[in-house]
Amino acid sequence: MTKPSPRPRILVTRAIFPEVAQRLSEHFDVESNATDEDWSAEEIARRLQDKTGALTFGLERIDAALLARCPQLKICANMTVGYNNFDLEAMRVCGVLGTNAPDVLTETTADFGFALLMATARRVTESEHFLRAGKWTRWQYEMFSGAEVHGSTLGIIGMGRIGQAIARRAAFGFGMQVVYHNRSRLDATLEADCRARYVGKEELLKTADHVMLVVPYSKESHHTMGAAELALMKPTATLINIARGGIVDDAALAAALRDKRIAAAGLDVFEGEPRVHPDLLAVSNVVLTPHIASATVGTRRAMAMLAVDNLIGYLLHGKAVTPLNADGLAARATPSAS
Ligand code: 8YV
């Protein structure tokens, strides 16, 4: 028989920075996935059965069925700002805290939103593929003409921290007019700070030269951009999605791109990723990246460290840094080393 461990037991479902693993191991007994295997949902549930906490990556479904199998679990700490992998209500009822990793990725993700906008509007990857394929034999005046970015109108759907950081780049860096749509309107000071004007969704889609999606995923935001919304956009407009797969109806978008009903799209996230809709792969007027908006070494490390702060804070001191469902959290024994 193995001696019961005096320390909380943590599961880390994916490979992580060595210094993050090291810090975890200073406080917890850690089961890690150092070889970065693809654990199935069943495998994660099995490994989580005797754990007190988990460092998760926004990909593992944490719901009532899983929680029923993990009686000792007290916290799941996502190293992502998005948390649509959590059924927060089921977690609240079971007394399992969910935490995310906001703020530390805001500026980096906004940078990438802009990178994708620039690459899409100015046809950077499309023209590079042309060059690499040896097709560049002569200069032509209209070769890879794109859309203007500076001075144009940017429409942002979802005006949280990342949306606001994009708005500031657009307004102050590129002299763009910024319109936004959000569940709730920002207060006047924040609007002035971002130099952004609140409009209805329809007006935004009809007037923007570039539409940027930064809205969190939920049942309500599913297919925020479907065929009807795409039909409202200007034929010269571009659509950028750095939010979540499922915010855009990818099949409808591929059809709109194929028929040139909008000019181009830049996508970092996909429905059912890492699978990408084959019709998107078949069109050239789309820039595709593999969910890398927050991917700088410094930012990803900061996101992981914040997840560790949450595990340490909650399991060792009873208080997480960025809790999501602390209000009304059912009692599941006090955080302890059990
Ligand atoms: C993550 C993200 O890298 O934080 C988020 O919500 O979308 C990204 O920063 C991604 O979720 C990894 O799965």
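Just so you know, these numbers come straight off a predicted model, no measurement behind them.

Caption draft 1: Looking closely at the pattern of salt bridges. By the definition in use, this model includes 24 salt bridges. With a shortest N-O distance of 2.8 Å, Glu-107 and Arg-169 are connected by a salt bridge. Of this pair, Glu-107 sits in helix H5 (residues 106-121) while Arg-169 sits in helix H7 (residues 161-174), and the two are 62 residues apart along the sequence. Among the ionic pairs, Arg-197 bridges to Glu-203, the shortest N-O distance being 3.8 Å.

Caption draft 2: A look at the site of the ligand. Neighbouring the ligand are the residues Phe-57, Leu-59, Thr-80, Val-81, Gly-82, Leu-105, Arg-244, His-291, Ser-294, Arg-300 and Met-303. The backbone of Phe-57 places a nitrogen or oxygen atom 3.4 Å from an oxygen atom of the ligand. A distance of 2.8 Å separates an oxygen atom of the ligand from a polar backbone atom of Val-81. Coverage of the ligand by the protein amounts to 85% of the 320 Å² it exposes when considered alone. When grouped by side-chain class, the residues that make up the shell around the ligand number 5 nonpolar, 4 polar and 2 charged.

Caption draft 3: Here's a closer look at the packing of helix H1 (residues 18-27) against helix H13 (residues 297-317). Between H1 and H13, the shortest axis-to-axis distance is 10 Å and the interhelical angle comes to 5 degrees. Of the possible angle classes, the one that applies to H1 and H13 is roughly parallel. On H13, the residues touching Glu-19, Val-20, Arg-23, Leu-24 and His-27 of H1 are Arg-301, Ala-304, Met-305, Val-308, Asp-309, Leu-311, Ile-312 and Leu-316. Tallied by class, the residues present in the contact of H1 with H13 amount to 8 nonpolar, 1 polar and 4 charged.

Caption draft 4: Quick peek at the environment of Asp-268. If you trace the backbone, Asp-268 turns up in the loop between strand E11 (264-267) and helix H12 (278-281). For Asp-268, a relative accessible area of 0% gives the class buried. For the pair Asp-268 and Leu-311, spaced 43 residues apart in the sequence, the C-alpha separation amounts to 29 Å. Beyond its immediate sequence surroundings of up to four residues, Asp-268 is in contact with Phe-112, Leu-116, Asn-241, Ile-242, Glu-273, Thr-289, Pro-290, His-291, Ile-292 and Ala-293. Within the local environment of Asp-268, its side chain forms a polar contact with the backbone nitrogen of Ala-293, the two atoms lying 3.0 Å apart.

Caption draft 5: Up close: the packing of H5 against H7. In the contact formed by H5 and H7, the axes pass within 8 Å of each other and the chain directions differ by 55 degrees. Viewed along their axes, H5 and H7 adopt a mutual orientation that is oblique. Crossing of H5 over H7 shows right-handed handedness. Of H7, the residues touching H5 (which contributes Thr-106, Glu-107, Thr-109, Ala-110, Asp-111, Phe-114 and Met-118) are Arg-161, Ile-162, Ala-165, Ile-166, Arg-168, Arg-169, Ala-170 and Phe-174. Of the residues that constitute the contact of H5 with H7, the class distribution is 8 nonpolar, 2 polar and 5 charged.

Caption draft 6: The arrangement of the nonpolar core in detail. Among the nonpolar cores identified, the biggest contains 30 residues, and Leu-117, Leu-154, Ile-156, Met-159, Ile-166 and Ile-242 are the most heavily contacted of them. Broken down by secondary-structure element, the contributors of at least two residues to this core are H5, strand E6 (153-157), H7 and strand E7 (177-181). Considering each element in turn, this core owes the most residues, 7 residues, to H5. If we skip the residues at most four places from it in the chain, Met-159 touches Gln-164, Ala-167, Tyr-180, His-181, Asn-182, Leu-186, Cys-194 and Ala-196. Grouped together as the second largest cluster of nonpolar side chains are 29 residues, Val-179, Ala-237, Ala-256 and Val-286 included.

Caption draft 7: Geometry of the domain arrangement of the protein. Taken domain by domain, the protein holds domain 1 (9-104 + 297-333) and domain 2 (106-288). Each of domain 1 and domain 2 has a C-alpha centre, and these two points are 32 Å apart. Taken as a group, Asn-84, Asp-103 and Thr-299 account for 66% of the area that domain 1 buries against domain 2, more than any other trio of residues on that side. Where domain 1 meets domain 2, there are 1 salt bridge. Arg-161 serves as the salt-bridge partner of Asp-103, at 3.3 Å between the closest nitrogen and oxygen. The interface formed by domain 1 and domain 2 includes 4 residue pairs in polar contact (both at pLDDT 80 or more). A breakdown of the residues in the side of domain 1 that touches domain 2 according to their chemical character gives 2 nonpolar, 3 polar and 1 charged.

Conventions adopted
Residues numbered from 1 in each chain as written. Predicted model: local features only at pLDDT ≥ 70, side-chain atom pairs only at ≥ 80, totals over all residues. Heavy atoms only, no water. Salt bridge = Lys/Arg side-chain N within 4 Å of Asp/Glu carboxyl O. Helix = DSSP H or I, 4+ residues; strand = E, 2+ residues; numbered from the N terminus. Near = heavy atom within 4 Å. Polar contact = N/O pair within 3.5 Å; in protein donor to acceptor, adjacent residues only side chain to side chain. Areas by Shrake-Rupley, 256 points an atom, 1.4 Å probe, with all protein chains shown as cover. Nonpolar A, V, L, I, M, F, W, Y, C, P; charged D, E, K, R; others polar. Axes fitted to C-alpha atoms, helices over the stretch in contact; angles between N-to-C directions. Parallel < 35°, antiparallel > 145°, perpendicular 65-115°, else oblique. Contact = heavy atoms within 4.5 Å. Buried < 20%, exposed > 50% of the residue type's maximum accessible area, 1.4 Å probe, protein only. Left-handed = near helix turned anticlockwise from the far one by under 90°. Core = buried A, V, L, I, M, F, W, Y, C linked by side-chain atoms within 4.5 Å. Domains from an automatic or database assignment. Buried area = accessible area lost by both parts, 1.4 Å probe.

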